[in-house]
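Here is what each chain is made of, one letter per residue.
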Amino acid sequence: MADDGSPSHGRTPIKSAVHNIASQRRRQHAVSVRKERREVLLRTKRLCRDGLVDDIDVTPDVDMNVDEESSVLDAQTSQLVEELNSAVVYVGKGAAQKKMEVLRSLRRILSKSEVPPVQAALHAGAIPILVQCLSYGSPDEQLLEAAWCLTNIAAGEPEQTKSLLPALPLLIAHLGEKSSAPVAEQCAWALGNVAGEDEELRNILLAQGTLLPLARMMMSNKGSTARTAAWALSNLIKGPNPIAANELVRIDGVLDSIIRHMKKMEEELTTEVSWVVVYLSALSKTASALLIKNGLVQLLIGRLATSSSSQLLIPVLRSLGNLVAGDNSATNILIVGHEITDNAILALVKCMKCEHRVLKKEAAWVLSNIAAGSYEHKKLIYDSEATPFMLQLLAVAPFDVRKEVAYALGNLCVAPAEGSGQPNVILEHLVSLVGRGCLPGFINLVRSPDIEAARLGLQFLELVMRGMPNGEGPKLVEAEDGIDAMERFQFHENEEMRNMANGLVDKYFGENYGIEDDQ
């Protein structure tokens with residue numbers, strides 16, 4: 001089969017693939033808006049409040065309630081759109097100045113209120129007028145103000161974002177090298193908001209040629225230009241179709257610019273570029289291989305070790321996890337005994353020890369992918385500070401963190417089997433982790449309504465019952481009420497889970513269970 005550039009699912013340890021599931025899950029997360037991200041709206045859509053030109057606050061009457069304020073803003077907005085329409089048509093003395101004054105006022109009112117009156121602007125017919133203001137040959141200040149208005153309209157509800165369709169060709173055109181940096185950046189911002197809405201709009205933007213000019217902007221040495229372009233690109237290539245990611249990484253200069261920006265100490269720029277890497281590594285096998293070859297893994301580990309910014313560490317962790325999940329050569333860089341590998345484990349432990357829930361979860365996911373590698377990698381993690389801390393998290397952490405930790409601990413206990421058979425148990429690790437109290441945590445996962453977590457719990461119980469010495473496994477599971485946990489699937493609607501749980505109960509707790517003890 002021809003290589004389509006999509007990442008493989010990687011290694012497959014526990015039963016039906018703990019790591020395989022985790023790798024697939026990360027790609028699914030990478031192409032969707034993450035609900036747990038506090039800055040979700042800032043990642044996908046951004047309202048432009050702080051401007052590039054002088055501004056005056058629009059301060060509503062403090063005695064107004066919310067509805068009254070909204071009505072006033074709507075009326076003001078409608079009036080400004082009408083005035084702008086008249087100013088665009090008017091060609092007499094002072095026409096240009098009048099047009100700029102009205103355009104600036106419209107931009108202010110769309111920028112300064114907590115809930116911008118976008119719908120009022122659209123009802124009044126703002127889009128075609130703003131498109132006129134983007135026409136070639138217009139003064140930079142006019143282009144900037146018009147693009148700014150469109151940026152904040154695109155930051156609204158889905159239908160409001162889609163209203164920008166007539167403006168897209170001119171917004172894309174103003175990304176070119178002939179445009180001033182402020183105009184190009186504002187147009188990129190508007191397009192980033194559009195791209196953040198949905199796949200349909202991303203496909204339209206790609207078909208209209210948005211990828212190449214944004215890529216060239218990301219190559220800029222000007223921090224604000226590269227940062228804005230990287231943010232827009234991360235929205236544009238997020239998929240789920242991998243075509244854009246594959247095209248982006250093949251554009252001359254893109255790879256070099258990513259590596260160059262990742263080496264800089266500008267955390268805001270590095271954060272945005274890291275999100276580009278997240279989607280490249282999640283969606284494109286070609287991109288992952290090139291990024292690994294050019295030393296990105298080392299740069300990511302360096303950032304993990306030195307940065308304290310959660311805004312940066314989240315995409316860095318996801319990028320590293322994607323690269324380790326998607327290509328064996330990434331794990332092969334983390335050679336046991338080398339300084340970079342020790343630094344990676346220390347940095348991941350640092351992230352798991354922090355108070356940030358998402359960082360804990362992402363760090364555990366990266367560890368689970370490393371633990372899905374060779375026996376040497378499993379041994380390295382098992383012997384490190386990471387293991388006791390993960391055992392603690394499995395008992396007390398929030399559910400989503402416990403689930404990721406369970407994948408990591410489960411992967412420490414298995415070695416891939418030949419062919420499609422059951423994985424081989426690493427007895428030393430399994431006996432130790434069970435002895436240190438991990439079993440209740442996995443049984444709690446079996447009781448979870450989350451099917452993926454419950455499957456992982458059942459897989460680990462199978463390891464315990466099959467692998468513990470002297471047939472002690474079933475007794476240990478029974479002592480922790482594991483039979484009751486498995487029997488909840490006896491009549492479950494999910495056939496796979498029903499068969500898995502019932503099969504384990506029948507095999508290990510059938511008619512002959514306990515007979516030898518009674519004799």
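Thresholds applied
Residues numbered from 1 in each chain as written. Predicted model: local features only at pLDDT ≥ 70, side-chain atom pairs only at ≥ 80, totals over all residues. Heavy atoms only, no water. Helix = DSSP H or I, 4+ residues; strand = E, 2+ residues; numbered from the N terminus. Contact = heavy atoms within 4.5 Å. Areas by Shrake-Rupley, 256 points an atom, 1.4 Å probe, with all protein chains shown as cover. Salt bridge = Lys/Arg side-chain N within 4 Å of Asp/Glu carboxyl O. Buried < 20%, exposed > 50% of the residue type's maximum accessible area, 1.4 Å probe, protein only. Polar contact = N/O pair within 3.5 Å; in protein donor to acceptor, adjacent residues only side chain to side chain. pLDDT = per-residue confidence, 0-100. Expected span 1.5 Å × (residues − 1). Arc of directions from axis to C-beta. Disulfide = S-S within 2.5 Å. Phe/Tyr/Trp six-rings, centres within 6.5 Å; stacked < 30°, edge-to-face > 60°. Lys NZ or Arg CZ within 6 Å of the ring centre and 35° of its normal. Axes fitted to C-alpha atoms, helices over the stretch in contact; angles between N-to-C directions. Parallel < 35°, antiparallel > 145°, perpendicular 65-115°, else oblique. Left-handed = near helix turned anticlockwise from the far one by under 90°. Nonpolar A, V, L, I, M, F, W, Y, C, P; charged D, E, K, R; others polar.

Enquirer: Provide a residue-level description of the overall build of the protein, including the pertinent values.
Expert: For the protein, the helix and strand inventory stands at 32 helices and two strands. At a minimum sequence separation of 6, the contacts of the protein that also span at least 24 residues come to 73%. Accessible area of the protein: about 22100 Å², with a carbon and sulfur share of 51%.

Enquirer: Pulling in residues and values, what's your account of the pattern of salt bridges?
Expert: The full count for this structure, using the stated rule, is 20 salt bridges. Between Lys-403 and Glu-452 there is a salt bridge, with its nearest N and O atoms 3.8 Å apart. With Lys-403 in helix 25 (residues 399–412) and Glu-452 in helix 28 (residues 451–467), this residue pair connects regions lying 49 residues apart in the sequence. In this structure, Lys-403 and Glu-452 share a single accessibility class: buried. Residue Glu-496 is joined to Arg-455 by a salt bridge in which the shortest nitrogen-to-oxygen separation is 3.0 Å. Placement of Glu-496 in helix 31 (residues 495–508) and of Arg-455 in helix 28 is noted, with a sequence separation of 41 residues between them. Given the relative accessible area of 13%, Arg-455 is considered buried. Shared partners join several salt bridges into a network, and the residues in it are Arg-104, Arg-107, Glu-141 and Glu-145.

Enquirer: Give a description of the environment of Lys-378 that names residues and reports values.
Expert: Mapped onto the elements, Lys-378 comes out in helix 23 (residues 375–382). With relative accessibility at 1%, the residue Lys-378 sits in the buried group. A C-alpha to C-alpha distance of 7.6 Å links Lys-378 and Asn-411, two positions 33 residues apart in sequence. Every residue in contact with Lys-378, bar those within four places of it in the chain, is listed here: Ala-371, Ala-372, Gly-373, Asn-411, Leu-412, Val-414, Ala-415, Ile-426 and His-429. A distance of 2.9 Å separates the side chain of Lys-378 from the backbone oxygen of Val-414, its partner in a polar contact.

Enquirer: Kindly report on the confidence of the model for the protein, identifying the contributing residues and their values.
Expert: In this model, the protein carries an average pLDDT of 86, and 85% of its residues clear a pLDDT of 70 or more. Contacts from residues 15–20, a stretch scored under 50 in pLDDT, to residues over four places away or in other chains number 24 contacts. The low-confidence segment residues 31–42 (pLDDT under 50) makes 24 contacts with residues lying over four places distant or belonging to another chain.

Enquirer: Tell me about helix 31, and name the residues and values.
Expert: Every α-helical turn comprises 3.6 residues, leaving residues that sit three or four positions apart pointing alike. Taking 1.5 Å as the rise per residue, helix 31 with 14 residues should run 20 Å; its terminal C-alpha atoms sit 20 Å apart, in good agreement. All of the buried residues along helix 31 are Met-497, Met-500, Ala-501, Leu-504, Val-505 and Tyr-508. One face of helix 31 carries all of its buried residues, which in axial projection span an arc of 125°. Helix 31 presents Glu-495, Asp-506 and Lys-507 as exposed residues on the side facing more than 90 degrees away from its buried surface. For helix 31, the secondary structure elements touched by its buried residues are helix 28, helix 29 (472–479) and helix 30 (482–487). With a side-chain oxygen lying 3.1 Å from the backbone nitrogen of Glu-496, the N-terminal cap of helix 31 falls on Asn-494.

Enquirer: Can you lay out the state of the cysteines for me, pointing to particular residues and giving the numbers?
Expert: Evaluation of the coordinates by the stated rule reveals zero disulfides. With no disulfide partner, Cys-133 has as its closest neighbouring cysteine sulfur the one in Cys-149, 8.3 Å distant. You can call Cys-133 buried: its relative accessible area is 1%.

Enquirer: Mind laying out unusual backbone geometry, listing which residues take part and the relevant values?
Expert: In this model, Gly-239 is joined to Pro-240 through a cis peptide bond whose omega is 15°. Position of Pro-240 among the secondary structure elements: in the loop between helix 13 (223–236) and helix 14 (243–250).

Enquirer: With reference to specific residues and values, describe the packing of aromatic side chains.
Expert: Using the criterion set out here, one finds two aromatic pairs in the structure. Here Phe-442 and Phe-460 contribute two aromatic rings whose centre-to-centre distance is 3.8 Å and whose plane-to-plane angle is 10°, an arrangement assigned as stacked. Residue Phe-442 is located in helix 27 (residues 439–446), and its partner Phe-460 is located in helix 28; the two are separated by 18 residues in the primary sequence. For the residue pair Phe-442 and Phe-460, the accessibility class agrees, reading buried in each case. Across from the ring centre of Trp-148, 4.1 Å away, lies the NZ or CZ of Arg-107, which sits over that ring. Note that Arg-488 overlies the ring of Phe-489, its terminal NZ or CZ placed 4.4 Å from the centroid.

Enquirer: Explain the packing of helix 22 (residues 357–371) against helix 25 residue by residue, including any values.
Expert: Relative placement of two packed helices is described by the angle separating their axes and the distance separating the axes. At a minimum axis separation of 8 Å, helix 22 and helix 25 run at an interaxial angle of 15°. Relative to helix 25, the element helix 22 is oriented roughly parallel. Handedness of the crossing formed by helix 22 with helix 25: left-handed. In contact with Arg-357, Lys-360, Lys-361, Ala-364, Trp-365, Leu-367, Ser-368 and Ala-371 of helix 22, helix 25 contributes Asp-400, Val-401, Glu-404, Val-405, Tyr-407, Ala-408, Asn-411 and Leu-412. Split by residue class, the contact of helix 22 with helix 25 holds nine nonpolar, two polar and five charged.

Enquirer: Run through helix 15 (residues 254–263), naming residues and quoting values.
Expert: Counting buried positions along helix 15 yields seven of 10 residues, so the element is predominantly enclosed. Every buried residue of helix 15 is listed here: Val-254, Leu-255, Ser-257, Ile-258, Ile-259, His-261 and Met-262. Elements that come into contact with the buried residues of helix 15 comprise helix 12 (211–218), helix 13, helix 14, helix 16 (267–283), helix 17 (285–293) and helix 18 (296–306).

Enquirer: Outline the packing of helix 14 against helix 17, supporting the account with residue identities and numerical values.
Expert: Between helix 14 and helix 17, the shortest axis-to-axis distance is 8 Å and the interhelical angle comes to 35°. Touching Asn-246, Val-249 and Arg-250 of helix 14 are Thr-286, Ala-287 and Leu-290, all from helix 17. When its residues are assigned to classes, the contact of helix 14 with helix 17 shows three nonpolar, two polar and one charged.

Enquirer: Now, about the side chain of His-429: what can you tell me, with residues and values included?
Expert: Position of His-429 relative to the elements: it lies in helix 26 (residues 427–435). Among the residues examined, His-429 registers a relative accessible area of 0% and is labelled buried. If we ignore the near neighbours within four places in the chain, the residues touching His-429 are Tyr-375, Lys-378, Lys-379, Tyr-382, Leu-412 and Cys-413.

Enquirer: Go over the environment of Gln-422 with me, naming the residues and quoting the values.
Expert: Tracing the sequence through the fold places Gln-422 in the loop between strand 1 (414–415) and strand 2 (424–425). Relative accessible area serves as the criterion here: at 37%, Gln-422 is assigned to the partly exposed category. Expressed as a C-alpha distance, the spacing of Gln-422 and Leu-463, which sit 41 residues apart in the sequence, is 9.5 Å.

Enquirer: Which residues make up the environment of Val-414, and what values go with them?
Expert: Mapped onto the elements, Val-414 comes out in strand 1. Residues Val-414 and Leu-430, 16 residues apart in the sequence, show an inter-C-alpha distance of 8.4 Å.

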